[in-house]
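Per-entry structural report
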4 protein chains.
Amino acid sequence: MKVGIIGATGYGGLELIRFLYNHKEVENLTLFTSSEEGTVFSAKFPHLIDINDQPLQKIDYDVLSEFDVVFASTPSGVSSSLFPPLIDKGPKLIDLSGDFRLKDVESYKQWYKKEPAPQEAIDVSIYGLTEWNEAAIKEAKLIANPGCYPTAVLLSLLPLLKEKLIDPSFLVIDAKSGISGAGNKPSQTTHFSEANEAFSIYKINEHQHIPEIEQAISMFAGVETKISFNTHLVPMIRGILATSYAQVMPGVTQADLIHCLKETYKNHPFVRVIDDAGSIGTNRVKGSNYCDVYAKLDERTGRATIIGVIDNLVKGAAGQAIQNMNVQLNLPQTTGLQVVPLFI
Amino acid sequence: MKVGIIGATGYGGLELIRFLYNHKEVENLTLFTSSEEGTVFSAKFPHLIDINDQPLQKIDYDVLSEFDVVFASTPSGVSSSLFPPLIDKGPKLIDLSGDFRLKDVESYKQWYKKEPAPQEAIDVSIYGLTEWNEAAIKEAKLIANPGCYPTAVLLSLLPLLKEKLIDPSFLVIDAKSGISGAGNKPSQTTHFSEANEAFSIYKINEHQHIPEIEQAISMFAGVETKISFNTHLVPMIRGILATSYAQVMPGVTQADLIHCLKETYKNHPFVRVIDDAGSIGTNRVKGSNYCDVYAKLDERTGRATIIGVIDNLVKGAAGQAIQNMNVQLNLPQTTGLQVVPLFI
Amino acid sequence: MKVGIIGATGYGGLELIRFLYNHKEVENLTLFTSSEEGTVFSAKFPHLIDINDQPLQKIDYDVLSEFDVVFASTPSGVSSSLFPPLIDKGPKLIDLSGDFRLKDVESYKQWYKKEPAPQEAIDVSIYGLTEWNEAAIKEAKLIANPGCYPTAVLLSLLPLLKEKLIDPSFLVIDAKSGISGAGNKPSQTTHFSEANEAFSIYKINEHQHIPEIEQAISMFAGVETKISFNTHLVPMIRGILATSYAQVMPGVTQADLIHCLKETYKNHPFVRVIDDAGSIGTNRVKGSNYCDVYAKLDERTGRATIIGVIDNLVKGAAGQAIQNMNVQLNLPQTTGLQVVPLFI
Amino acid sequence: MKVGIIGATGYGGLELIRFLYNHKEVENLTLFTSSEEGTVFSAKFPHLIDINDQPLQKIDYDVLSEFDVVFASTPSGVSSSLFPPLIDKGPKLIDLSGDFRLKDVESYKQWYKKEPAPQEAIDVSIYGLTEWNEAAIKEAKLIANPGCYPTAVLLSLLPLLKEKLIDPSFLVIDAKSGISGAGNKPSQTTHFSEANEAFSIYKINEHQHIPEIEQAISMFAGVETKISFNTHLVPMIRGILATSYAQVMPGVTQADLIHCLKETYKNHPFVRVIDDAGSIGTNRVKGSNYCDVYAKLDERTGRATIIGVIDNLVKGAAGQAIQNMNVQLNLPQTTGLQVVPLFI
């Protein structure tokens, strides 16, 4: 099987390489670039010496057309023009950016401040939240891989919203991410001396994952709602923990919440439902494709605290993308992804 | 002026020393201990060589009675029995633990799982949220210094609750703290290899600062409410950022929120109201006694995101305690506390 | 193949599990304990939910005798008495502690301040520095897996010492380790608030790895020398970088140094020789079994700077132990160990 | 007293502000810029809101001539042309860069790869290692403030070299620094996700502080030597620890080493000699102007391990610069610098 990656120099791309290198169905893994043609990959990323010593290839549609799968792991605003000519050309396309996630191009323009992809491409794209969209993913030509925050949020909230155990009318989602979510481009925000020993809130009420989450809640739970959603930077490399708050519906118990989560995910290898938790940390899933979810009823207030935890670069990006590829190719979902979380 | 510290080996105690060493009215600073009598302090804490090379003193009520001020910076359940005999004996007492904060002893028993202080001692204790209780603090014999989380939460929320700009009926407070808040006693939770590169939620819906916040909202804003409150551990040493969510009252604008905060704190040197924020981080206040507050109306949802940021060891503990001492002694609040935040 | 681990709750043990879970020849992986019999492993380590939900087993020699391989990943002073009865009983034994490394029991007593293992057991133990002792490892009943620091130091220095490119008479080795090297037991030294944002030197001139390194230099390079060796704690979880300094022998060039390293390791998959380095960091090897080595001649001084980098928990512990197991079992050395370094 | 800072937006500049704000002799502190004229300083650095809300001023020699002291905290290659016109114009000049440290302009060109300052300016510049050059500093018009690494290295080594307790012929200095030493300009090396959880060596044998250290050893200890010197990046913000190795002279004892250090620094408030050390960490001095020094004889090898610890931004930059200013102005050296180390 021939697999190509466009944008391999980003953190999503590096994680794709990390997992695909041990994916038994991948015979040929080729890295493409728009700007660094000829650069030997391991010269740029010396952790890959002896693992990937190939030069980066120029993006060439004729060449790409012969691949089985092509991943794009580029900043938003790139695959919107790069991918459309490849639809119907052969390879299954999996986009890790936000360019094909929002069905409403006006919404994309408003939140991303960029030109949207062509409507026809958006129309055929399938939202790749694996556990909730498997049938469509199996047939997809173009997968819009979910955002990191939406993955943690949706996997924890969707079962409770769909089964009407929580009230969607006042839904607060407070999310926290490691700094790798900001990508590999240096900036003042991600400068070690200013990012370490600091915890910050950013894009207050304005994160571009808001419309993605609302769209998916509508799509998979049949609920229209406007969420309160904020994002914070944690001085660590990997991991997202999302803490959500909602009133539970009358009569709903703690057991109901856990039962709903367990039923939903009983046949899904990468979502683990936590039974009873004193504390929950991102190091439960570090380096792995797991999403751990939990819900706790607060009897005093009648509200539930709902938690989702992922590694933002794996289940929140490259891991879920490979999980989707496996679904498309009728492989077991776990192929190439059965790594044990690092914990430390 | 003679000042004593009981519990100087904890992080609150170390911060008291850091600031009192440069407090121009403090002539004599003596450290007391229940278990390490005779230990030369700088032998235990070598960062204090040449600064405090005195042996720890045994706790002796006759000796303590001659002090002007005595701070207790002990774990909960200690000053509840240690401090009552000193009331009316002379020194002004400032307790950094939770032992004298809750007026309702049943609530203390329920949340702290410990025996409460005598009701008479609790009755005379004054809650030391400086900016909101100055008159009472001035006359206080025994100050219950606020908890770290409550300080960040209350300073940001109280003005908006008191002026009825936000609806208290569904109040979500999502708080995050550096690990120094867990104190100096090693545990698995605070073991570097398990705490670093991890972000976790703990005591879900069960943190003992919940009743303290609700009591203070009642006391200072005249509002009875049950809050949703959760706490998270951030892999950094210092800092608390609290993110709160509430519906704004009809007609309330962004300008109203900021105006209310600015009016409230215009004469208070340690609360800074942020005008317009792209991002807000704990390193704005690191090492200092500042609390920075901000509120942002989300027009889409009609809810406000309200933020308070402090250094948990300073404004959230030792700094506010000294600020209270200054008020008690009719000194300028800023005496000894005018340090510039470290930023990095 | 049946594999047992004694001491699975330590960090070495957790890493053994991480790799053995994906080792295709391991059918049965059982965890043994001296003190926590019956504890479900994933209840203690929730990152292993769905991966290892078995109860810990009591240490029982009859049971252990039926295993193919038994690893001990216990603190020093434990396997010295635990392992000897199992020699000749069937399973291949691999000890990750220092108990069987030093051939001279007096030296063990002096540096470890503990009772040594029986001399007979020490006599049959084989030092498991895979790249330098493969033939003996293949036949070993009991492997003394090298210490973390010695692994990084020896792999970088041995080729140059053996080929007499550097002068052993004044050899300075300055080593730095992530904090996981201190194990999983909480202490003041490893308490997050005191370990983070701090870099420290410890056991000045007195680290117990000194005699191990000198013994191996004698054994593999035929050189008797007394090294200067110090160890430092880096505020990160994983990784060791050792910087060594020695005069080069007359006429030795930069090319000679690199050529020597390359020749030595040309058929060894886990040692990578760096060609030319502006900077070298531990994240080149994070999470993997690689050791990266480099040497740079300083023309001004006639001295070489020699560098070895490993993940202390992998090549410095569990990874090398599995590599040794593979050698013992005539499997390719890379079986189960072909993971890509995480980099971030 | 009027004090100006050129280059206030760098980390050295921010630390100057932090200390000068509490310096009782400084009445007017003005910040100058070559590129950001008019920017309100606290708008750029919100931790300084209410502390420094002034606009940055254009660099103007007529204005600067009226100041009592002018600090330059600019990258190397800037003050070499900026400062010479101000010599003899009135203000005492203190340069925190490397531009006036090396007396040999050829050496500057070789190590800095930049155009040197005019020889006349270099000739009048005084090397500001306070404890070793106080008399000259008192009369200086232009102070070349020492580099961060040289400060930690020289304060620990000079007494032993000058008193001939250690052999200078084979001197190994292995230094480690927090990342703030790299300045405030973002780069891949200082990008949080790549710098955190990584320890690296850089500029192997080629750091520009090598000639500075050798020149100062010659100047203050009267010894000509070529050092082995390497520098490493530690994933923390602040702190330098330098570990040095040298043979001791015949007959020299541990007591001799400590006695020599104590005698040298007995009247110097900012150098603390450690008596006996199990471990020594940078958090002993964090945020303060202290330098802690120690030496330990290794009886096995006859070599000493010598340690110097500083906060690179304080004693290694801004703090020492202010200490020098105090000397120039006949103030007590500790004025404005008496802060207690943060420890955590």
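This structure is a prediction, so every number in the text was calculated from the model and none was measured.

Concerning the packing of aromatic side chains
Under the defined criterion, the tally for this structure stands at 39 aromatic pairs over all chains. Centroid distance Phe41 of chain A to Phe45 of chain A: 5.1 Å. Interplanar angle 45°. Geometry classified as tilted. We classify Phe41 of chain A as buried; its relative accessible area is 0%. Members of the aromatic cluster, connected to one another through ring pairs, are Tyr127, Trp132, Phe220 and Tyr265 of chain C.

As for the interface of chain B and chain C
Quite often, the size of an interface is put as the accessible area lost when its parts meet. Of the residues lining the interface, 20 residues belong to chain B; the matching set on chain C comes to 20 residues. Both faces combined, the contact of chain B with chain C buries some 1,600 Å², and carbon together with sulfur accounts for 62% of it. Considering only the side of chain B, the residues that lose the most area to chain C are His191, Phe192 and Ile237 of chain B, jointly responsible for 40% of the buried surface there. There are 0 salt bridges connecting chain B and chain C. Counting across the chain B and chain C interface gives 12 residue pairs in polar contact (both at pLDDT 80 or more). Top contributing element to the side of chain B that touches chain C by residue count: helix α9 (residues 192-195) of chain B, with 4 residues. Residues of the side of chain B that touches chain C, tallied by class, amount to 8 nonpolar, 9 polar and 3 charged.

A closer look at the packing of helix α8 (residues 148-162) of chain C against helix α10 (residues 209-221) of chain C
Residue and element names in this part refer to chain C. Following both chains from N to C, one finds α8 and α10 inclined at 30°, their axes separated by 10 Å at the closest point. As the angle between them shows, α8 and α10 are arranged roughly parallel. Seen from above, α8 lies across α10 with right-handed handedness. Across the interface between the two elements, Cys148, Tyr149, Pro150, Val153, Leu154, Leu158, Leu161 and Lys162 from α8 touch His209, Glu212, Ile213, Ala216, Ile217, Phe220 and Ala221 from α10. Broken down by class, the residue content of the contact of α8 with α10 amounts to 12 nonpolar, 1 polar and 2 charged.

Points about the sheet that holds strand β9 (residues 200-202) of chain B
Pairing in this open sheet of 8 strands is mixed, and the strands run β13(A)-β9(B)-β10(B)-β8(B)-β11(B)-β15(B)-β14(B)-β12(B) from one edge to the other. With one partner strand each, in any of the chains shown, β13 (279-281) of chain A together with β12 (271-273) of chain B form the two edges of the open sheet. Taken pair by pair, the neighbouring strands of this sheet meet at an average axis angle of 20°, ignoring direction. The pairing of strand β8 (residues 172-178) of chain B with strand β10 (residues 228-234) of chain B spans 7 bridges and is parallel. Paired with Ala175 of chain B across the two strands is Thr231 of chain B, which belongs to β10 of chain B.

Some remarks on the nonpolar core
If you look at the biggest cluster of nonpolar residues, it comprises 436 residues, and the most contacted ones within it are Phe71 of chain A, Phe71 of chain B, Phe71 of chain C together with Phe71 of chain D. If we skip the residues at most four places from it in the chain, Phe71 of chain C touches Val3, Gly4, Ile5, Ile6, Leu16, Leu20, Phe83, Ile94, Leu96, Ala321, Ile322 and Met325 of chain C.

Some details on α10 of chain C
Residues and elements named next belong to chain C. Under the 1.5 Å per step criterion, the end-to-end length of α10 is 17 Å for 13 residues, consistent within 8% with the ideal 18 Å. Taken across its 13 residues, α10 has 11 buried, putting it largely inside the fold. Restricting attention to buried positions, one finds in α10 the residues His209, Ile210, Pro211, Glu212, Ile213, Glu214, Gln215, Ala216, Ile217, Phe220 and Ala221. Packed against the buried residues of α10 are α5 (105-112), β6 (125-127), α8, β8 (172-178) and β10 (228-234). One or two residues past the end of α10 sits Gly222, with phi positive at roughly 70°.

Points about the relation of the copies chain B and chain C
Once turned by 180° and shifted 0.0 Å along the axis, chain B lies on chain C with an RMSD of 0.0 Å. Here the two chains are linked by the operation of a two-fold rotation axis. Closest approach to the rotation axis among the C-alpha atoms of chain B is made by Phe192 of chain B, whose C-alpha sits 2.2 Å away. The fraction of interface residues of chain B whose copies in chain C are also interface residues reaches 100%, indicating that both copies meet through the same surface.

Considerations on the domain arrangement of chain A
Residue and element names in this part refer to chain A. Examined at the domain level, chain A breaks down into domain 1 (2-146 + 315-328) and domain 2 (149-314). When each unit is reduced to the centre of its C-alpha atoms, the spacing between domain 1 and domain 2 is 24 Å. Taken together, the contact between domain 1 and domain 2 spans 27 residues of the former and 37 residues of the latter. Buried surface at the junction of domain 1 and domain 2, both sides included, amounts to about 2,600 Å², of which 63% is carbon and sulfur.

Details of the confidence of the model for chain A
Confidence along chain A averages 97 in pLDDT terms, with 100% of residues attaining 70 or more. Interface confidence in the predicted complex, given as ipTM, is 0.97; pTM for the same model is 0.98.

Things to note about unusual backbone geometry
All names here are of chain B. Here the phi dihedral of Glu197 falls at roughly 50°; this positive angle occurs in a residue that is not glycine. Of note, Glu197 is situated in the loop between α9 and β9. On the basis of relative accessibility, which here comes to 3%, the residue Glu197 falls in the buried class.

Some details on the interface of chain B and chain A
Counting residues at the interface gives 56 residues for chain B, matched by 56 residues for chain A. Of the roughly 4,500 Å² buried between chain B and chain A on both sides combined, carbon and sulfur atoms contribute 56%. Remark: the boundary between chain B and chain A carries 4 salt bridges. Notably, a salt bridge pairs Arg300 of chain A with Glu214 of chain B, separated by 2.5 Å at the nearest N-O pair. Among the elements that take part in the side of chain B that touches chain A, strand β11 (residues 240-247) of chain B stands out by supplying 5 residues, more than any other. Partitioning the side of chain B that touches chain A into residue classes produces 26 nonpolar, 16 polar and 14 charged.

What counts and how
Residues numbered from 1 in each chain as written. Chains lettered and ligands numbered in written order. Predicted model: local features only at pLDDT ≥ 70, side-chain atom pairs only at ≥ 80, totals over all residues. Heavy atoms only, no water. Phe/Tyr/Trp six-rings, centres within 6.5 Å; stacked < 30°, edge-to-face > 60°. Buried < 20%, exposed > 50% of the residue type's maximum accessible area, 1.4 Å probe, protein only. Contact = heavy atoms within 4.5 Å. Buried area = accessible area lost by both parts, 1.4 Å probe. Salt bridge = Lys/Arg side-chain N within 4 Å of Asp/Glu carboxyl O. Polar contact = N/O pair within 3.5 Å; in protein donor to acceptor, adjacent residues only side chain to side chain. Helix = DSSP H or I, 4+ residues; strand = E, 2+ residues; numbered from the N terminus. Nonpolar A, V, L, I, M, F, W, Y, C, P; charged D, E, K, R; others polar. Axes fitted to C-alpha atoms, helices over the stretch in contact; angles between N-to-C directions. Parallel < 35°, antiparallel > 145°, perpendicular 65-115°, else oblique. Left-handed = near helix turned anticlockwise from the far one by under 90°. Pairing = 2+ DSSP bridges. Core = buried A, V, L, I, M, F, W, Y, C linked by side-chain atoms within 4.5 Å. Expected span 1.5 Å × (residues − 1). Least-squares fit on C-alpha atoms with pLDDT ≥ 70 in both. Domains from an automatic or database assignment. pLDDT = per-residue confidence, 0-100.

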